[in-house]
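Single-letter residue listing:
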Amino acid sequence: MSHEVETMAYAGELPWHGLGARVDEDVSVKKMLEAAGLNWRVSKLPLQTELPSGEMMTIQNKFALVRDTDDRFFSVCSEAWTPLQPEDTIGFMREYVEAGGAKLETAGSLRGGRTVWGLAKLDHSFSVKKDDVVEGYLLITSPMEVGRSTQVRTTTVRVVCANTLAMAESASEFHYSQNHLTEFDVSAAKEKIGEAHEHLVQAEKRFKTIAKLKLSIEDAIREVIVPVI
């Protein structure tokens with residue numbers, strides 16, 4: 001929801017909520033990071049408490065996750081918890097953007113910085129029918145809270161969509177999820193998301209097949225969605 005947006009930048013059309021700084025459609029990762037207000041880092045600071053005697057005691061294996069620019073507190077974490085910095089979150093898109101296979105579309109932070117996201121449009125789209133366009137996207141979300149995982153996924157957005165096709169689409173996303181107890185495994189994420197274009201090729205075939213048929217929602221679920229689950 002719009003009230004949860006802290007900062008963001010966008011390329012192309014103005015978002016429905018009218019928020020964010022506009023950038024060129026060929027924006028670089030670095031420029032997007034700056035425009036989206038994500039040029040900050042978080043640090044793990046030792047957690048302390050004041051004893052009745054007035055002395056300060058450090059709590060073992062407990063740290064405060066704090067944003068460096070304004071000392072905003074995000075979460076209490078353990079020594080093993082490893083944050084993914086905003087620079088690295090958006091930087092995950094760099095290889096795709098620089099290779100010409102994607103263009104950054106939006107990036108920003110939600111809930112006071114507790115979630116950082118980046119969205120890139122993949123260089124793959126197709127039309128099911130006239131004025132019915134499917135666009136492919138790569139989305140990464142990284143939380144600054146214990147108990148939530150970094151996720152990278154491909155997704156599709158239909159400019160004009162029918163319910164049956166939207167259902168088929170929602171059942172066919174590729175995604176990679178990793179907790180914060182180890183360094184973010186870029187190679188593993190890229191290997192999984194490397195299937196994005198193949199996913200879109202298969203989605204195109206599936207959507208066009210459905211479009212040729214006169215299926216009810218129930219038929220679409222039974223014939224198309226259920227077999228791929």
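Residues numbered from 1 in each chain as written. Predicted model: local features only at pLDDT ≥ 70, side-chain atom pairs only at ≥ 80, totals over all residues. Heavy atoms only, no water.

## Examining the environment of S109
Within the fold, S109 resides in strand β6 (residues 102-110). The exposure class of S109 is buried, given its relative accessible area of 0%. For the pair S109 and T7, spaced 102 residues apart in sequence, the C-alpha separation works out to 5.5 Å. When residues no more than four places from it in sequence are discounted, the contact partners of S109 are E4, V5, E6, T7, L38, T115, V116 and W117. There is a polar contact of 2.6 Å between the side chain of S109 and the side chain of E6. (Helix = DSSP H or I, 4+ residues; strand = E, 2+ residues; numbered from the N terminus. Buried < 20%, exposed > 50% of the residue type's maximum accessible area, 1.4 Å probe, protein only. Contact = heavy atoms within 4.5 Å. Polar contact = N/O pair within 3.5 Å; in protein donor to acceptor, adjacent residues only side chain to side chain.)

## Section: unusual backbone geometry
Look at N61: it is not a glycine, yet its phi comes out positive at around 60 degrees. Positionally, N61 belongs in strand β4 (residues 56-67). Look at D71: it is not a glycine, yet its phi comes out positive at around 60 degrees. Among the secondary structure elements, D71 is positioned in the loop between β4 and β5 (73-77). What makes D71 exposed here is its relative accessible area of 61%.

## Some details on the nonpolar core
Of all hydrophobic cores here, the largest spans 35 residues; its most connected members are L38, F92 and L104. Every element with two or more residues in this core is listed here: β1 (5-11), α1 (29-35), β4, β5, α3 (94-98), β6, β7 (115-129) and β8 (132-143). With residues up to four places along the chain from it excluded, the contact list for F92 reads L138, I140, V152, F184, V186, A189 and K190. Counting six residues, the second-largest nonpolar core is a separate cluster that includes V5, Y10, W117 and L119. (Core = buried A, V, L, I, M, F, W, Y, C linked by side-chain atoms within 4.5 Å.)

## A few points about the packing of aromatic side chains
Here the structure, examined in full by the defined rule, presents one aromatic pair. Between W40 and F74, the aromatic rings sit 6.0 Å apart at their centres with planes inclined by 50 degrees, giving tilted as the arrangement. Note that W40 is positioned in the loop between α1 and β3 (42-50) and F74 in strand β5, a separation of 34 residues in sequence. Taking relative accessible area as the criterion, W40 reaches 5% and is therefore assigned buried. Cation over ring: K44 sits above F63, and NZ or CZ is 5.5 Å from the ring centre. Lying across the ring of W40, R67 places its NZ or CZ 4.8 Å from the centre. (Phe/Tyr/Trp six-rings, centres within 6.5 Å; stacked < 30°, edge-to-face > 60°. Lys NZ or Arg CZ within 6 Å of the ring centre and 35° of its normal.)

## Quick look at the pattern of salt bridges
In this structure the tally under the stated criterion is seven salt bridges. Linking K121 and E105 is a salt bridge whose minimum nitrogen-to-oxygen distance equals 3.8 Å. Linking K121 in strand β7 with E105 in strand β6, this pair joins segments that are 16 residues apart in sequence. Here E145 makes a salt bridge to R148, at a shortest N to O gap of 3.2 Å. By relative accessible area, which is 16% here, E145 ends up buried. (Salt bridge = Lys/Arg side-chain N within 4 Å of Asp/Glu carboxyl O.)

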